[in-house]
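Summary of the model geometry
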Amino acid sequence: MNPIAQFSRTYAEARAKFQSAVRAQELSVEAHGLPDRHGIDGEPLAMDVAHLGLPDASGLLVLTSGTHGIEGYCGSGCQVALLRDPVFVDAVRRARIGVLFVHAVNPHGFSHGRRVNEDNVDLNRNFRDFSQPAPPCPGYAEIHPLLLPPTWPPPEDGERRLAELQAARGERAFQAALTGGQYAFADGLFYGGLRPAWSNLTLRAVLRRHAATRERLGWIDFHTGLGPRGHGERIHAGRDLPGDLARARVWWGRDVTSFHDGSSTSAPVSGIVTHAAYDACRGLELAMIALEYGTVPLPEAFAALRADHWLHLHPTAPDAQRTAIRRQMRAAFYDEADDWKLKVYMQARKAALEAVTHLAAEYA
Ligand SMILES: [Zn+2]
């Protein structure tokens, strides 16, 4: 199995490779179609789900990709390669556990090359308790008009003002204000939405169906865009509960980072996808990480996100500008070089095999 060949250039190709890898294991794909929307080439969009291993095993490993749309190129490649990796498939069968593959949590963003969903919502800020008031975002409100000015590229005086604010607040506080999740600017960046998105409701239903009766659950959510190129940072993706962080460190190593204690490259965020496990599977022992792979330096990733949001607000932008911004997004969240793909897969495989070992050991 050549891992590099399992990665794709389009959502449609990724979906076909996933379906074919699932069928090669004589498994079936559960397709949850996104209603009333289409992909960039008019193709249907879906959250595809497959289950490998024992359906009633007490231990379950959940693998999700494309929570952030365009980041799905990375996670899809890893999922397809794992399905085609005899060492991984054998390990799952011998451990007598189940593995739930969720391909394209956000199929619209995946196909259209955006990090957000069909309604400009950052799904990894959407899994909050909407019966509670939204957290305020004064830090974001101040920079919103500077982030998305009427013209692009952004005017120099605005960029200067942004740099001053960044210097005054400090790098880390600025990142937290920008990326932490905001619920007031529907056209803005890192917007968490006002209600559970389709992907949120669909993923929760998938978890209720496949995970509700398990006793132990491991979860790896694949991401890109933060950290050194090709390095997979394992970021604790559970709540700020000492037991859950400790379990993640037992499974995946002491260098599992956490935004709760400031050790991760990601700033604290609200409403992340994996928190659905706490509602869908009560009483479970949980160990969850985001596997976050570096692509380009952080300022380049932010610049790409701003340009993408600006383009979304200016659909009549010239073709050349549209093409350039789409290319910029792609480079910020997916690296098409073979060495990157190989490095990414080897770390995914290691993390997945470690989870299988711990789910099996605790089963015994
Ligand atoms: Zn992400």
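Small disclaimer: the values here were computed from a predicted structure and weren't measured.

Parameters and conventions
- Residues numbered from 1 in each chain as written.
- Predicted model: local features only at pLDDT ≥ 70, side-chain atom pairs only at ≥ 80, totals over all residues.
- Helix = DSSP H or I, 4+ residues; strand = E, 2+ residues; numbered from the N terminus.
- Rg over C-alpha atoms; globule rule 2.2 N^0.38 Å.
- Contact = placed C-beta atoms within 7 Å.
- Core = buried A, V, L, I, M, F, W, Y, C linked by C-beta atoms within 7 Å.
- Buried ≥ 20, exposed ≤ 12 C-beta atoms within 10 Å, placed from the backbone.
- Domains from an automatic or database assignment.
- Nonpolar A, V, L, I, M, F, W, Y, C, P; charged D, E, K, R; others polar.
- Axes fitted to C-alpha atoms, helices over the stretch in contact; angles between N-to-C directions.
- Left-handed = near helix turned anticlockwise from the far one by under 90°.
- Pairing = 2+ DSSP bridges.
- Expected span 1.5 Å × (residues − 1).
- Arc of directions from axis to C-beta.

On a plain count of helices and strands, the protein chain comes out with 13 helices and seven strands. Radius of gyration (C-alpha) of the protein chain: 20 Å, near the 21 Å computed for a compact globule of 364 residues. When its C-alpha atoms are laid out on the principal axes, the protein chain stretches across 60 × 45 × 40 Å. Taking contacts inside the protein chain between residues at least 6 apart in sequence as the whole, the part at least 24 apart equals 80%.

Moving on to unusual backbone geometry. Cis peptide bonds are those with omega within 30 degrees of zero, and the linkage from Trp152 to Pro153 qualifies with 0°. Relative to the helices and strands, Pro153 is located in the loop between α5 (138-147) and α6 (156-169). Its identity as a non-glycine residue notwithstanding, Ala104 has a phi of 65°, on the positive side. Summarising the element assignment, Ala104 is placed in the loop between β4 (98-103) and α4 (107-112). A positive phi angle is found at Asn120, which is not glycine, with a value near 65°.

This part is about the nonpolar core. Proteins that are soluble and globular tend to have nonpolar side chains buried together. Formed by 99 residues in total, the largest nonpolar core has its most connected members in Leu61, Val102, Ile289 and Ala352. It is helix α13 (residues 338-363) that provides the largest number of residues to this core, a total of nine residues. Residues lining this core come from more than one domain, with at least three contributed by each of domain 1 (3-128 + 193-295 + 336-363) and domain 2 (138-191 + 305-330). In this structure Val102 touches Met47, Val49, Val62, Leu63, Thr64, Leu203 and Val206, once residues within four positions along its chain are discounted.

The next thing to look at is helix α7 (residues 171-179). Here α7 has its buried residues at Ala176, Ala177, Leu178 and Thr179. In the core, the buried residues of α7 are packed alongside α5 and α6.

Before going further, it helps to examine the domain arrangement of the protein chain. You can read the domains of the protein chain as domain 1 (3-128 + 193-295 + 336-363) and domain 2 (138-191 + 305-330). Centre-to-centre separation of domain 1 and domain 2, based on C-alpha positions: 27 Å. Residue-level contacts link 15 residues of domain 1 with 17 residues of domain 2. For the side of domain 1 that touches domain 2, the per-class residue count stands at six nonpolar, five polar and four charged.

Helix packing for two helices is described by the angle between their axes and how far apart those axes are. As a packed pair, α6 and α7 sit with axes 6 Å apart at the nearest point and diverge in direction by 115°. Here α6 and α7 pass one another in a crossing that is right-handed. Contacts between α6 and α7 involve Leu165, Gln166 and Arg169 on the former and, on the latter, Glu171, Ala173, Phe174 and Ala177. Here the contact of α6 with α7 is built from residues that sort into four nonpolar, one polar and two charged.

Pairing is mixed across the open sheet formed by seven strands, whose spatial order is β1-β2-β4-β3-β5-β7-β6. At either end of the open sheet lies a strand with only one pairing partner, and these are β1 (30-33) and β6 (232-236). Ignoring which end each strand starts from, the neighbouring axes of this sheet average 20° apart. In the sheet, strand β5 (residues 216-229) pairs with strand β7 (residues 285-294) via 10 bridges, with the strands oriented parallel. Residue pairing for β7: Asp221 is matched across the bridge by Ala290.

For the rest of this paragraph, the subject is the environment of Gly232. Here Gly232 shows up in strand β6. Separated by 119 residues in sequence, Gly232 and Ala351 place their C-alpha atoms 9.7 Å apart. Setting aside anything within four residues of it in sequence, one finds Gly232 in contact with Leu291, Glu292, Tyr293, Val344 and Gln347.

Across the eight residues that make up strand β2 (residues 46-53), a large majority, six, are buried. With four bridges joining them, β1 and β2 adopt antiparallel strand pairing. By the bridge assignment, Ala31 is partnered in β2 with Asp48. The pairing of β2 with β4 spans six bridges and is classified as antiparallel. Within the sheet, the bridge partner assigned to Leu52 lies in β4 and is Val99.

Relative to the helices and strands, Asp85 is located in the loop between α2 (72-83) and α3 (86-95). Separated by 83 residues in the primary sequence, Asp85 and Asn2 have C-alpha atoms spaced 9.1 Å apart. Setting aside its immediate chain neighbours within four residues, Asp85 contacts Met1 and Arg349.

A word on helix α1 (residues 11-24). An ideal rise of 1.5 Å per residue puts 20 Å on 14 residues; α1 measures up with 20 Å between its terminal C-alpha atoms. For α1, the complete set of buried residues consists of Tyr11, Ala14, Arg15, Lys17, Phe18, Ala21 and Val22. The arc that holds every buried residue of α1, seen down its axis, measures 165°, which confines them to one face. Buried residues along α1 sit in contact with β2, α2, β4 and α4. With its phi angle positive at about 60°, Glu26 sits one or two positions after the end of α1.

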